[in-house]
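One letter stands for each residue in the lines below.
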Amino acid sequence: MILRELTDQGIRRYRDYILSVKQHPDLPPIRLDSAEDSRPFFTPVEIDETRQFRSRVEMARYLSSVFERAGLSRRDVVEHHGMWTWLACIWFDTICPLVDGKRKVNETARYICSTDWRDYYRHYILANYDIYSSLGEQNSKLFLWGVPYELSDFIEQIASRQWFISSVPLVQVAHKLYWDEKAQRPKRGATDRNRAGTLRRLRKVAEQLELTYDVHSMTPDAIIALLPEEFQPWIR
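Just so it is clear, the model here is predicted, and its values are computed rather than measured.

Cut-offs used in this document
Residues numbered from 1 in each chain as written. Predicted model: local features only at pLDDT ≥ 70, side-chain atom pairs only at ≥ 80, totals over all residues. Heavy atoms only, no water. Helix = DSSP H or I, 4+ residues; strand = E, 2+ residues; numbered from the N terminus. Rg over C-alpha atoms; globule rule 2.2 N^0.38 Å. Contact = heavy atoms within 4.5 Å. Lys, Arg positive; Asp, Glu negative; His and termini not counted. Charge placed at Lys NZ, Arg CZ, Asp CG, Glu CD. Buried < 20%, exposed > 50% of the residue type's maximum accessible area, 1.4 Å probe, protein only. Expected span 1.5 Å × (residues − 1). Salt bridge = Lys/Arg side-chain N within 4 Å of Asp/Glu carboxyl O. Phe/Tyr/Trp six-rings, centres within 6.5 Å; stacked < 30°, edge-to-face > 60°. Polar contact = N/O pair within 3.5 Å; in protein donor to acceptor, adjacent residues only side chain to side chain. Disulfide = S-S within 2.5 Å. Axes fitted to C-alpha atoms, helices over the stretch in contact; angles between N-to-C directions. Parallel < 35°, antiparallel > 145°, perpendicular 65-115°, else oblique. Left-handed = near helix turned anticlockwise from the far one by under 90°. Nonpolar A, V, L, I, M, F, W, Y, C, P; charged D, E, K, R; others polar.

Student: Lay out the overall build of the protein chain with the relevant residues and their values.
Tutor: When its secondary structure is counted, the protein chain shows 12 helices and six strands. For a compact globule of 236 residues, the expected C-alpha radius of gyration is about 18 Å, and the protein chain comes in at 19 Å, within 12% of that figure. For the protein chain, restricting intrachain contacts to residue pairs at least 6 apart in sequence, the fraction spanning at least 24 positions comes to 72%. Across the protein chain, 34 positive and 33 negative side-chain charges occur, with their mean positions spaced 5 Å apart.

Student: Break down the environment of Val 171 for me, citing the residues and quoting the values.
Tutor: Within the fold, Val 171 resides in helix H9 (residues 168–178). Residue classification places Val 171 among the buried positions, given a relative accessible area of 0%. On a C-alpha basis, the gap between Val 171 and Trp 84 in space is 25 Å, while along the polypeptide they are 87 residues apart.

Student: Which residues make up helix H10 (residues 199–210), and what values do they have?
Tutor: Across its 12 residues, H10 extends 17 Å between first and last C-alpha, which sits within 8% of the 16 Å expected from 1.5 Å per residue. For H10, the complete set of buried residues consists of Leu 199, Arg 200, Leu 202, Arg 203, Val 205, Ala 206 and Leu 209.

Student: Tell me about the pattern of salt bridges, and name the residues and values.
Tutor: Between side chains of opposite charge, a pair can form when the charged atoms approach closely. Tallied over the full model, the rule gives 17 salt bridges. Note that Arg 39 and Glu 5 form a salt bridge whose closest N and O atoms lie 3.9 Å from each other. Linking Arg 39 in strand S2 (residues 38–40) with Glu 5 in strand S1 (residues 4–6), this pair joins segments that are 34 residues apart in sequence. Residue class for Arg 39 comes out partly exposed when judged on its relative accessible area of 42%. A relative accessible area of 9% means that Glu 5 is categorised as buried. Linked through salt bridges whose partners overlap, the residues forming this network are Glu 107, Arg 110, Asp 119, Arg 122 and Glu 156.

Student: Describe the packing of aromatic side chains, with residues and values.
Tutor: Geometry of an aromatic ring pair is reported as the spacing of the ring centres plus the angle between the planes. On inspection of all chains with the given rule, the structure shows 15 aromatic pairs. Between Phe 53 and Trp 91, the ring centres sit 5.0 Å apart and the planes meet at 75°, which makes this aromatic pair edge-to-face. Here the residue Phe 53 occupies a position in the loop between S2 and helix H2 (56–69), and Trp 91 occupies one in the loop between helix H4 (81–90) and helix H5 (92–95), the gap between them amounting to 38 residues. The class for Trp 91 is buried, based on a relative accessible area of 2%. Joined through ring pairs, the aromatic side chains of Tyr 14, Tyr 17, Phe 92, Tyr 111 and Tyr 124 make up one cluster.

Student: Quick one: what's the story with the environment of Met 1, residue by residue and with numbers?
Tutor: Inspection of the secondary structure puts Met 1 in the segment before S1. Here Met 1 falls in the partly exposed class, since its relative accessible area comes to 32%. Excluding anything up to four places from it in sequence, Met 1 contacts Arg 31, Asp 33, Val 45, Glu 46, Ile 47, Glu 49 and Trp 86.

Student: Tell me about the environment of Glu 181, and name the residues and values.
Tutor: One can find Glu 181 in the loop between strand S5 (179–180) and strand S6 (185–186). With relative accessibility at 45%, the residue Glu 181 sits in the partly exposed group. Residues Glu 181 and Ile 165, 16 residues apart in the sequence, show an inter-C-alpha distance of 20 Å. In contact with Glu 181, not counting residues within four places along its chain, are Gln 138 and Lys 141. At 3.2 Å, the side chain of Glu 181 and the side chain of Trp 179 are in polar contact.

Student: Please set out the state of the cysteines residue by residue, giving values where relevant.
Tutor: In the structure shown here, the tally under the stated rule is zero disulfides. Left unpaired, Cys 96 is separated from the closest cysteine sulfur, that of Cys 89, by 12 Å. Sulfur of Cys 113: no disulfide; nearest cysteine sulfur belongs to Cys 89 and is 14 Å away.

Student: Residues and numbers for the packing of helix H6 (residues 126–144) against H9, please.
Tutor: In the contact formed by H6 and H9, the axes pass within 9 Å of each other and the chain directions differ by 50°. For the element pair H6 / H9, the angle class is oblique. Here H6 runs over H9; the crossing is left-handed. Across the interface between the two elements, Leu 135, Gln 138, Asn 139, Ser 140, Lys 141, Leu 142 and Phe 143 from H6 touch Val 168, Val 171, Gln 172, Ala 174, His 175 and Tyr 178 from H9. Looking at the contact of H6 with H9, its residues break down into seven nonpolar, five polar and one charged.

Following this line, the structure appears as structure tokens:
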């Protein structure tokens, strides 16, 4: 089908639907394709509404290819909040699946794209594309490895900090520390609050290093050399 974006009325109806699903999880996904609820995207883009995604990176890869074929850049699409919300509507079963007759409905910002850039990372679809299109697939693995209906600590702790997620050297440091290339998933315990040298500590140490060093222009290895001893076990 052709890509659309929700109007203000469509967003209100979608919000009401999400609230209703909390009480009635067996409600079928809502369609908001009328002229009152949505309008065609500013340029024709074909989207597969039946597409299934096993992971966030798979979704991001698909969207990136769709926009690329349409001749659209990241800048052309990221601020179309109604479009991202429409995608969340047509793929609602993917980002809020019905499992054993129940749906786990999370905060509304996961489904309705916020106009506040500080909350963009909470959206189950925009965050995937934004991270993927900014960093590339290799540097996105740590954030996008999981299923489409869960938000990992890597997104909560790093993607929510624009100064961190926009710094390729810092992102590469995180991958060197916490990504298991062989298993193709984060190392076990990387987000554990009770272990030394884990994700939250990296964020805090990086904040401290920023006060003295231009970490954004340094190599990942140079940054790692400045990290406290507690991070050494994660490098091996």
